[in-house]
Amino acid sequence: MSSSLDHCPLKETLSIAQTCAITFLGNASNNLQQDAFFFLNNWYQEDLGVMVVTPVAAPFCLAVSDGVASSNHSQYCSKAVVKVIRRLWNDQKSISSDSIHQLINQTKHSSKRHGAAATLAMVTCELKDDGTIKATITHVGDSRVYRLSKGASQWQCLTRDHNLLNELIDQQAKEQGRQVEFSDYNREGMAGSLYSITECFALTTDDSYISSEAPESISRRINVNSGDCLLVCTDGIHDLVPSHEWQTVSAETDLREWLITLKNQVYDSDGNAYDNGTAILVRFD
């Protein structure tokens, strides 16, 4: 049973940002909601919902997990991922791909769910003693985190998808003895097979998780300034509406209305919302 989107966690301490989340089933061919997300202090998995705009204090955590559609049971894996994040966050423990991997597989799952897989994109923010805000971005698979710096006209992708295409780009650069430019990653319009995910979480139904490795994850820390925005989203968003088509965000922007507009863009796209979509937007004060 998922948590209700009517719940609105408010912080009584000084807020450093405003945030809002949206999720929708879309026109997924399997008619399943395989996205799940963690919003501040609870997890959710809903067919359709929009949060109210919520002021937040540091530290805070936001995350999305997308069940890989090759399994009709992958919604259980994405849900397991965000439930583990809630457990680790509430216990004030470090959240990593390894700790998530260990906890989701300490529970024996139904045999029919064996191999159900999910991605992750997560942002945790903390306020340092000198007043600076540090954001840690962690992801597995092709869920992404984007940044819009104050005054910028374009959103910037901060995450490199774990897929065959990006592995080929890395391999080619290594063979040529050069560094990869980040803009080379996450190319659009390539053959579909090249977008196959190479890293994800997966459910097991026996003790095999003990000897299995946690998925490779990439983490990076960035400074966040007043007026900056971050967007955490599943591929049902960025695959159908590229970030150069997203609206910018100002201090006056209604975050809820911004996300509703983004959802409408997904439905109006050529892909006609063929996948679930989830996005969490945060604007720093």
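Everything here concerns the structure above.
Residues numbered from 1 in each chain as written. Predicted model: local features only at pLDDT ≥ 70, side-chain atom pairs only at ≥ 80, totals over all residues. Heavy atoms only, no water.

All right, on to the nonpolar core then. Membership of the largest hydrophobic core comes to 50 residues, with the highest contact counts inside it found for Trp155, Leu231 and Trp246. Residues contacting Leu231, with those up to four places away along its chain left out, are Arg144, Val145, Tyr146, Trp155, Trp246, Trp258, Leu259, Leu262, Ala279, Ile280 and Leu281. With 23 residues, the next largest nonpolar core counts Phe38, Leu88, Val140 and Leu203 among its residues. (Core = buried A, V, L, I, M, F, W, Y, C linked by side-chain atoms within 4.5 Å. Buried < 20%, exposed > 50% of the residue type's maximum accessible area, 1.4 Å probe, protein only. Contact = heavy atoms within 4.5 Å.)

The next subject is the pairing of strand S8 (residues 120-127). Burial analysis of S8 places six of its eight residues in the buried class, the great majority of the element. Across five bridges, the pairing between strand S6 (residues 60-66) and S8 is antiparallel. For Val64, the partnering residue across the bridge sits in S8 and is Ala121. As paired strands, S8 and strand S9 (residues 133-140) are joined by eight bridges and run antiparallel to one another. In the sheet register, Met122 faces S9, and the bridge partner there is Thr138. Connecting S8 to the antiparallel partner S9 that follows it, the hairpin turn spans five residues, and Gly131 within it adopts a positive phi of roughly 90 degrees. (Helix = DSSP H or I, 4+ residues; strand = E, 2+ residues; numbered from the N terminus. Pairing = 2+ DSSP bridges.)

Here the focus is the pattern of salt bridges. Tallied over the full model, the rule gives four salt bridges. Put simply, Arg147 and Asp228 hold a salt bridge, and the shortest N to O gap is 2.7 Å. Separated by 81 residues along the polypeptide, Arg147 in strand S10 (residues 144-148) and Asp228 in the loop between strand S13 (218-224) and strand S14 (229-233) bring together distant segments of the chain. The buried category is assigned to Asp228, whose relative accessible area is 3%. Here the salt bridges do not stand alone but share partners, grouping Glu126, Lys128 and Arg221 into one network. (Salt bridge = Lys/Arg side-chain N within 4 Å of Asp/Glu carboxyl O.)

Taking 1.5 Å of rise per residue, 14 residues should cover 20 Å, and helix H5 (residues 255-268) covers 20 Å from first to last C-alpha, within 8% of that figure. Listed in full, the buried residues belonging to H5 are Leu255, Trp258, Leu259, Leu262, Lys263 and Val266. Taken around the axis of H5, the buried residues stretch over an arc of 140 degrees, which confines them to a single face. Against strand S1 (17-24), S14, helix H4 (235-238) and strand S15 (277-284) lie the buried residues of H5. Here H5 starts with a cap whose side-chain oxygen sits 2.9 Å from the backbone nitrogen of Arg256, and that cap is Asp254. (Expected span 1.5 Å × (residues − 1). Arc of directions from axis to C-beta. Polar contact = N/O pair within 3.5 Å; in protein donor to acceptor, adjacent residues only side chain to side chain.)

It is worth spelling out the side chain of Ser243 at this point. For Ser243, the location among the structural elements is in the loop between H4 and H5. Ser243 gets classed as buried once you look at its relative accessible area, which sits at 17%. Residue contacts for Ser243: discarding those within four places in its chain leaves Tyr146 and Trp155.

Our next topic: the side chain of Gln34. Locating Gln34 in the fold gives a position in the loop between S1 and strand S2 (35-39). A polar atom in the side chain of Gln34 sits 3.3 Å from the side chain of Gln75.

It is worth spelling out the sheet that holds strand S3 (residues 42-44) at this point. Read from one edge of the open sheet, six strands run S3-S2-S6-S8-S9-S13, paired in antiparallel fashion. Strand pairing shows two members of the sheet lacking a second neighbour, S3 and S13, which therefore form its edges. Here the average twist between neighbouring strands, direction ignored, is 15 degrees. Strand direction decides the pairing type here: S2 and S3, joined by three bridges, are antiparallel. Pairing of Phe38 across the sheet is with Trp43, part of S3. Strands in contact with helix H1 (residues 74-90) are S2, S3, S6 and S8; relative to S2, the strand with the most contacts, it is inclined by about 10 degrees. (Axes fitted to C-alpha atoms, helices over the stretch in contact; angles between N-to-C directions.)

Geometric values such as these leave the question of function open.
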